[in-house]
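Spelled out, the chains give:
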Amino acid sequence: MKTICVVTGTRAEYGLLRWVMEGIRQSPLLELQLIATGMHLSPEFGLTVDAIEADGFQVDRKVEMLLSSGTAVGVTKSMGLGLIGFADALADLQPDLMLVLGDRCEIFSAVAAAMIARIPVAHLHGGEATEGLIDEPIRHSLTKMSHLHFVAAEEYQRRVIQFGEQPERVFRVGGLGIDNILRLKLLTRDELEAALDFKLAPRNLLITFHPVTLEHNTSAAQMDELLAALAEQPDTGLIFTMPNADTEGRVLFRQIEDFCARHPQARAYTSLGQLRYLSCIQHVDGVVGNSSSGLLEVPSFKKGTINIGDRQRGRLRAASVIDCEPDRVSIGAALDRLFSAEFQAQLTRVENPCGSGGASDAIVKILEQRPLDDLLKNEGADSGDILSQVPVPIAPEDDASRLYERVTVVALEQIRDFVPRLANSRFYRQPQDGRFANAWRKRGAADGRIDWRMAAVSIHNLVRGLTRPYVGVHFDHSGEKIKVWRTEVEPNVAMNLEPGKILAMDERGVLIKAGIGGIRLLETAPKVTLDVGSYL
């Protein structure tokens, strides 16, 4: 059973994740954990965690991080609070994999905490470009901190691979929003009017306009231009969904509320939820604003989208998307085109570049089948995380053969202890501390050749380390390579003799002068006879 921890921070994000979460919950091979954070926990933004629980999901942890400030300082502090909260949550939950979507600040905090905790991450909807948003560098940073990637289109797949991610870990599954359209039973027009407590007009627009986070102090000015253009639309119902808790988001809140108070044909909703939101798309004449939904989901309804400004610049778009500048003249011209008979007629031929559905099932199937235990491996030798560790003392009389036997006994005990914990995913990874590691370059034949100028103790230790089951050390004699398997040190040897001189040959073996002391060869292959007084 693999434990998958899903993190969600916004209403829109949860709407995209819902069927993946449902698939994980229903899978006999996966266990769902859920962390709610960000706007889900804020009454100001609709306390949408209640909607998650109403759908039958258990929220395992709630990470409070949202400050009542939309300034850059406030958002940065919120990210810091999130990092602290996710560190505690992940220490408690210990999932096998974290699954996240998109590009928001709260998700950055979650993934950064998972990276430090050595928990692998699956990232959904990576590789996309939004050049007018701070989300762009956040999204690409999430890609580099993640281990599995589920993308919506071929172009996004290529971009993730260009970032250096392994192609076999990048899966093109299509857009997640399409699954909601296919699975939910959308409301009729009468049901929608009752759910909204709002009478639709002969023409209707759904408006979502979020802050443009990479531009300073322009969001409010752009909203003024949008509202001015909308005010000139006769006989048109205007349904606003409130913006995200980004920098300047609260300023836009107040502008929308003031506009709706002065225009009876306009109504604002903090959170529509997926059912009402998608039902609105089905029954309105078009979608206006700068939300990704206008590009990712609306084309599947064969409805037009007016995409304002640069917030979504870089994303794939269908023929149903009308791009315009964030001024009232350009927006007005785009509205005229949207309502035109010519444009409406071509919408029947529109295809969504993010596919036709099935992404949620594809993701769950891959999570079920794909092993997770190799995701944190690196290219070093014996440099991965420690899963089980038992000290094995080495005595002076030990050699590689004896030590190998003792390590085998200890390893068998570790396996008996560790396998049940591995099966239940109840084990801990301990990163190795490189300060206490030692390393040796790749060894060759020269590393096993005896240099008689070495101290006798050093030669003896070399033999101990390379004896059976390893290749052994050797020296050359009369054109033949002689393997040495066992030795002992003879410290009481005259100092004024040259290294390599054969001092004695008896039943105990051959005694040879070393750089310091003497070394006795107890076992060689083949057994060798050497002339006393000669040199090697």
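> Explain the sheet that holds strand S3 (residues 61-63) residue by residue, including any values.
As a general point, the strands of a sheet are linked pairwise by backbone hydrogen bonds and lie either parallel or antiparallel. The strand order across the open sheet built from seven strands is S3-S2-S1-S4-S5-S6-S7, with neighbouring strands paired in parallel fashion. Strands with a single pairing partner mark the edges of an open sheet, and in this sheet they are S3 and strand S7 (170-172). The mean angle between the axes of side-by-side strands here comes to 20°, regardless of whether they run parallel or antiparallel. In this structure, strand S1 (residues 2-8) lies alongside strand S2 (residues 30-37), joined through seven bridges in parallel fashion. Bridge pairing in S2 links threonine 3 to glutamate 31. Packed on one face of the sheet, helix H1 (residues 11-26) meets S1, S2, strand S4 (97-101) and strand S5 (121-124) and runs near 165° to S1.

> Kindly report on helix H4 (residues 105-116), identifying the contributing residues and their values.
The terminal C-alpha atoms of H4, which comprises 12 residues, lie 17 Å apart, in line with the 16 Å expected from a rise of 1.5 Å per residue. Here H4 lies mainly inside the structure; nine of its 12 residues are buried. Every buried residue of H4 is accounted for by Cys105, Glu106, Ile107, Ser109, Ala110, Val111, Ala112, Ala113 and Ala114. Two residues or fewer after H4 comes arginine 118, characterised by a positive phi angle close to 60°.

> Can you tell me about the pattern of salt bridges, naming the residues and giving the values?
A complete count under the given rule lists 27 salt bridges for this structure. With a closest N to O distance of 4.0 Å, arginine 18 and aspartate 55 form a salt bridge. Placement of the pair is arginine 18 in helix H1 and aspartate 55 in the loop between helix H2 (49-54) and S3, with a sequence separation of 37 residues. When its relative accessible area of 30% is taken as the criterion, aspartate 55 is described as partly exposed. Ionic contacts of the salt-bridge type, sharing partners, join the residues Glu488, Glu490, Asp506, Arg508 and Arg520 into one network.

> Can you explain the packing of helix H9 (residues 219-231) against helix H13 (residues 328-339)? Please cite residues and give values.
At their nearest, the axes of H9 and H13 sit 8 Å apart, and the two run at 45° to each other. When the axes of H9 and H13 are compared, the pair comes out oblique. Handedness of the crossing formed by H9 with H13: right-handed. Note on element contacts: H13 touches H9 through Arg328, Ile331, Gly332 and Leu335, opposite Glu225, Leu226, Ala228, Ala229 and Leu230. Here the residues of the contact of H9 with H13 sort into six nonpolar, one polar and two charged.

> Account for the side chain of histidine 474, naming residues and giving values.
Here histidine 474 lies in strand S14 (residues 473-477). Histidine 474 sits in the buried class, given a relative accessible area of 3%. Other than its neighbours up to four places away in sequence, histidine 474 contacts Ala445, Gly448, Arg449, Ile450, Lys481, Ile482 and Lys483.

> Help me get a handle on the nonpolar core, residues and values and all.
For soluble globular proteins, nonpolar side chains are generally found buried alongside one another. In this structure, Ile24, Leu99, Phe150, Ile363 and Leu367 are the most contacted members of the largest nonpolar core, which totals 34 residues. Counting residues in hydrophobic clusters, the runner-up holds 33 residues, among them Phe45, Leu205, Leu227 and Phe240.

> So what's going on with the packing of aromatic side chains? Residues and values would help.
Enumeration according to the criterion identifies six aromatic pairs in this entry. With 5.4 Å between their ring centres and 20° between their planes, phenylalanine 150 and phenylalanine 171 make a pair best called stacked. Of the two residues, phenylalanine 150 sits in strand S6 (residues 148-151) while phenylalanine 171 sits in strand S7, which places them 21 residues apart along the sequence. For the pair formed by phenylalanine 150 and phenylalanine 171, the shared burial category is buried. For the pair phenylalanine 240 and phenylalanine 259, a centre-to-centre distance of 5.8 Å together with 70° between the ring planes defines the contact as edge-to-face. Placement of phenylalanine 240 in strand S9 (residues 236-241) and of phenylalanine 259 in helix H10 (residues 249-262) is noted, with a sequence separation of 19 residues between them. Note on accessibility: phenylalanine 240 and phenylalanine 259 belong to one class, buried. The cationic tip of arginine 468 hangs over the ring face of tryptophan 485; the distance from NZ or CZ to the ring centre is 4.3 Å.

> Could you give me a rundown of the sheet that holds strand S12 (residues 304-308), with the residues and numbers involved?
In space, the six strands of this open sheet follow the order S10-S9-S8-S11-S12-S13, with parallel pairing throughout. Bordering the open sheet on either side are strand S10 (266-269) and strand S13 (321-324), each of which pairs with just one other strand. Direction aside, the axes of adjacent strands within the sheet are offset by 20° on average. Pairing analysis gives four bridges linking S9 to S10, with the strands arranged parallel. Counted as the bridge partner of leucine 238 is alanine 266 from S10.

> Please provide a residue-by-residue account of the pairing of S5, values included.
In S5, alternate side chains face the same way, and those of Val121 and His123 on one face and Ala122 and Leu124 on the other are all buried. Pairing analysis gives four bridges linking S4 to S5, with the strands arranged parallel. Across the sheet, the residue bridging to leucine 101 is leucine 124, located in S5. Taken together, S4, H4 and S5 form a β-α-β motif whose crossover is right-handed.

Reading guide: rules and limits
- Residues numbered from 1 in each chain as written.
- Predicted model: local features only at pLDDT ≥ 70, side-chain atom pairs only at ≥ 80, totals over all residues.
- Heavy atoms only, no water.
- Pairing = 2+ DSSP bridges.
- Helix = DSSP H or I, 4+ residues; strand = E, 2+ residues; numbered from the N terminus.
- Axes fitted to C-alpha atoms, helices over the stretch in contact; angles between N-to-C directions.
- Contact = heavy atoms within 4.5 Å.
- Expected span 1.5 Å × (residues − 1).
- Buried < 20%, exposed > 50% of the residue type's maximum accessible area, 1.4 Å probe, protein only.
- Salt bridge = Lys/Arg side-chain N within 4 Å of Asp/Glu carboxyl O.
- Parallel < 35°, antiparallel > 145°, perpendicular 65-115°, else oblique.
- Left-handed = near helix turned anticlockwise from the far one by under 90°.
- Nonpolar A, V, L, I, M, F, W, Y, C, P; charged D, E, K, R; others polar.
- Core = buried A, V, L, I, M, F, W, Y, C linked by side-chain atoms within 4.5 Å.
- Phe/Tyr/Trp six-rings, centres within 6.5 Å; stacked < 30°, edge-to-face > 60°.
- Lys NZ or Arg CZ within 6 Å of the ring centre and 35° of its normal.
- Right-handed = clockwise from strand over helix to strand, strands pointing away.

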